[in-house]
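The primary structure of each chain is shown beneath.
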Amino acid sequence: MQIFDPESKEVFLWECLLVLVILYNFIVIPFRIAFDTTTSHLWLGIDLAADLIFIMDIFLRFRMAYIDQGECITDLQKIAQNYLATYLKMNLAASLPLDLMARLFFPQLSVLILAILRIPRLLRLSQFFRIFRRWETNVEINPALVRMTELVLIIFLIDHWVACIWFWIGKSMIAYGDSWLINSNLDTAPIATQYMKSLYWSITTLTTVGYGDITPTSNLEIAFTLIVMILGVSMYAFIIGNVASVVSSLDASQARFREQLDQVQSYMRDRKIPAFLQAQVRDYYQYLWECNRDTSFDRDFLDEIPNSLKTKIYLYLYQELLEKVPLFKNADPACIEALVVKLKPRILPPNDYIIREEQLGHEMYFIQRGEVQAFSEKTGKVYRIMSAGSFFGEIALVYSTRRTASVKTLSYCELFVLLKEDFDSVLDNYPHFAKQVKEIAQQRYNTE
Ligand code: CMP
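Residues numbered from 1 in each chain as written. Predicted model: local features only at pLDDT ≥ 70, side-chain atom pairs only at ≥ 80, totals over all residues. Heavy atoms only, no water.

Novice: Give me the lowdown on the UniProt feature "transmembrane region" (unreviewed entry) in the protein chain, citing residues and values where you can.
Specialist: As annotated in UniProt, the feature "transmembrane region" (unreviewed entry) corresponds to residues 12-35, 104-123, 144-169 and 222-248 in the numbering used here. Taken end to end, residues 12-35 is 100% helix and 0% strand, and its first and last C-alpha atoms sit 34 Å apart. As annotated, residues 104-123 comprises 45% helix and 0% strand, and the C-alpha atoms at either end are separated by 24 Å. (UniProt positions renumbered as here; feature names shortened; annotations may be inferred. Helix = DSSP H or I, 4+ residues; strand = E, 2+ residues; numbered from the N terminus.)

Novice: So what's going on with the sheet that holds strand 5 (residues 363-369)? Which residues, and what values?
Specialist: Strand order in the open sheet formed by four strands is 3-10-5-8, and the pairing between neighbours is antiparallel. Of all strands in the sheet, those with a lone pairing partner are strand 3 (344-348) and strand 8 (391-392), marking the two edges. This element, helix 20 (residues 420-429), spans strand 5 and strand 10 (413-419) of the sheet and lies at about 70 degrees to strand 10. (Pairing = 2+ DSSP bridges. Contact = heavy atoms within 4.5 Å. Axes fitted to C-alpha atoms, helices over the stretch in contact; angles between N-to-C directions.)

Novice: Explain the pattern of salt bridges to me, using residue names and the numbers behind them.
Specialist: Applying the stated rule across the entire model yields 21 salt bridges. Notably, a salt bridge pairs Arg118 with Asp47, separated by 3.9 Å at the nearest N-O pair. Of this pair, Arg118 sits in the loop between helix 6 (111-117) and helix 7 (125-136) while Asp47 sits in helix 2 (residues 41-61), placing them 71 residues apart in sequence. Here the two residues Arg118 and Asp47 agree in accessibility, since each one is buried. Between Glu439 and Lys435 there is a salt bridge whose closest N-O contact spans 3.7 Å. Highlighted residues: Glu439 and Lys435, both in helix 21 (residues 431-446), separated by four residues, approximately one helical turn. In this structure, a network of salt bridges that share partners links the residues Arg32, Asp47, Asp51, Asp99, Arg118 and Arg121. (Salt bridge = Lys/Arg side-chain N within 4 Å of Asp/Glu carboxyl O. Buried < 20%, exposed > 50% of the residue type's maximum accessible area, 1.4 Å probe, protein only.)

Novice: Quick rundown of the site of the ligand? Include the residues and the values.
Specialist: Around the ligand, the surrounding shell holds 16 residues, and the nearest of these are Gly393, Glu394, Ala396, Arg403 and Thr404. In this structure, an oxygen atom belonging to the ligand sits 3.4 Å away from a main-chain N or O atom of Ile395. At a separation of 2.7 Å, an oxygen atom of the ligand approaches a polar side-chain atom of Arg403. Counting only elements with at least two residues in the shell around the ligand, the list comes to strand 7 (382-386) and helix 19 (395-399). Classifying every residue of the shell around the ligand gives eight nonpolar, three polar and five charged. (Near = heavy atom within 4 Å. Polar contact = N/O pair within 3.5 Å; in protein donor to acceptor, adjacent residues only side chain to side chain. Nonpolar A, V, L, I, M, F, W, Y, C, P; charged D, E, K, R; others polar.)

Novice: Give me helix 12 (residues 252-270): which residues, what numbers.
Specialist: Taking 1.5 Å of rise per residue, 19 residues should cover 27 Å, and helix 12 covers 27 Å from first to last C-alpha, within 8% of that figure. Buried residues of helix 12: Ser253, Phe257, Leu261, Val264, Gln265 and Met268, and no others. In an axial view of helix 12, the angular spread of the buried residues amounts to 100 degrees, which keeps them on one side of the axis. The exposed set on the far side of helix 12, more than 90 degrees from its buried face, consists of Gln263, Arg269 and Asp270. One or two residues past the end of helix 12 sits Lys272, with phi positive at roughly 55 degrees. (Expected span 1.5 Å × (residues − 1). Arc of directions from axis to C-beta.)

Novice: Please give an account of the UniProt feature "domain: Cyclic nucleotide-binding" (unreviewed entry) in the protein chain that cites residues and values.
Specialist: The feature "domain: Cyclic nucleotide-binding" (unreviewed entry), as given by UniProt, occupies residues 327-427 in the numbering adopted here. Helix makes up 24% of residues 327-427 and strand 37%, and the two end C-alpha atoms of the span are 13 Å apart.

Novice: Report on the packing of helix 8 (residues 143-174) against helix 10 (residues 191-207), specifying residues and quantitative values.
Specialist: It is the contact of helix 8 with helix 10, at a shortest axis distance of 8 Å, that shows an interaxial angle of 120 degrees. In terms of axis orientation, helix 8 runs oblique to helix 10. The element helix 8 and its partner helix 10 pack so that their crossing is right-handed. Taken together, the residues of helix 10 that come into contact with helix 8 (itself represented by Phe156, Ile158, Asp159, His160, Val162, Ala163, Trp166 and Phe167) are Gln194, Tyr195, Ser198, Leu199, Trp201, Ser202, Ile203 and Leu206. Looking at the contact of helix 8 with helix 10 residue by residue, the class counts come to eleven nonpolar, four polar and one charged. (Parallel < 35°, antiparallel > 145°, perpendicular 65-115°, else oblique. Left-handed = near helix turned anticlockwise from the far one by under 90°.)

Novice: Give a description of the environment of Ser198 that names residues and reports values.
Specialist: Here Ser198 lies in helix 10. Distance in space between the C-alpha atoms of Ser198 and Leu181 is 9.5 Å, their sequence separation being 17 residues. Sequence-distant contacts of Ser198, that is, excluding residues within four places in its chain, are made with Phe35, Ala163, Trp166, Phe167 and Trp180.

Novice: Lay out helix 10 with the relevant residues and their values.
Specialist: Counted at 1.5 Å a residue, the expected span for helix 10 with its 17 residues is 24 Å, and the 24 Å between its end C-alpha atoms agrees. Residues of helix 10 that are buried sit in contact with helix 1 (9-35), helix 8, helix 9 (180-183) and helix 11 (219-249).

Novice: Tell me what's going on with the nonpolar core, and back it up with residues and numbers.
Specialist: Residues Phe328, Phe366 and Phe433 are the most contacted members of the largest nonpolar core, which totals 28 residues. At the level of secondary structure, the elements contributing two or more residues to this core comprise helix 16 (319-324), helix 17 (326-329), helix 18 (333-340), strand 5, strand 10, helix 20 and helix 21. Looking at this core element by element, the count peaks at four residues for helix 18. Each residue touching Phe366, except ones within four places of it in the same chain, is listed here: Leu321, Val325, Leu327, Phe328, Leu343, Ser390, Phe391, Glu414, Leu415, Phe416 and Leu418. By size, the runner-up hydrophobic cluster in this structure holds 26 residues, among which are Phe4, Val11, Ala50 and Ile53. (Core = buried A, V, L, I, M, F, W, Y, C linked by side-chain atoms within 4.5 Å.)

Quick look at the structure:
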């Protein structure tokens, strides 16, 4: 029997449909109650389809895996128990076909009563929030976009509900001849105009204090307006705060990068660094951004997670390097795992000296991208131009001697650095790997 993965595409599409149905009920029910519109066969059809989706969802939940304390539960019995203990009762109550039965048994019932009988559908609101919470953690969607969509929908629903209540109060007050509808000459207007004017009043009153073209006349209307104004003030503060934080996190890494670049630029301006040098630093950051995005964040985040997970993430992050360096391709997987957590990425601009001849050496390098040149500064002889997949700086480590050549970048280079102590411990533990490195070091040492 098929069990659905809550993270799968099918479930995502199904939940999109559910959100639409929940929204439909939240829009249509208060509208029908307030405006008391006659329902056509088309609306009856849509109501039935919406109800059917809710009922199908109940069956589907019995086949939907769930996450419990980080573990994905796929056992049918456990899924059913969990559903019974959590949302089943509420979902059943939300799907009760009260209006349908009323239509069958009492065909004369008014639209208002039928709409009221659909109120239990609104119990699905909690599911609306649960779905959005899950989407926020979905790997494929930007969480800020999910939060933004949720916020816009909630704002619209609040505006819509306030508009419906405002219209309903106005309509009820017509009998007493003291209504905002009479005052604004809207008591006999078409429903579309009445709704638009109500929504217009609701949005202007919630976001500002309104334009004053539609004003409350009866005491009840004044009281409701006051409540909406107070609600508007608090809602506005909440929304502005949320929208600001969501917009800034839409691309969190870009925001972080921009902040970093601003700091660097103001530092250089304050210290009056020459313009050509400032341009070089800017170019460097530009390269960092275009090719690597935000690497500063990786470190902090990876330091906090357990070693086994960290190794898996490094294996994925350094996949390109592991594929390019022949030495790694033939190595023992355990050796790669030990190495990968020790490697530190370094990005260098063109014409930068990485190693100077005759100096002491404390690390070696692997090239992921770019080109470097090993040469002698004394004779000017170029020993070798190395590109992605090569490594250098190993001779000083293997023979404990001074650097045998200088190495400088010929283009922007993405390198990985391995410190001497880490290099030594890997060589001690993995003799096959050690043998290969030593062989290459010896060949190079002899060809100088
Ligand atoms: P090391 O001596 O530690 O620092 C300079 C590096 O340049 C050296 O290690 C080698 O990795 C590299 N190198 C030196 N000579 C050669 C050569 N003939 N061919 C390739 N690489 C070399």
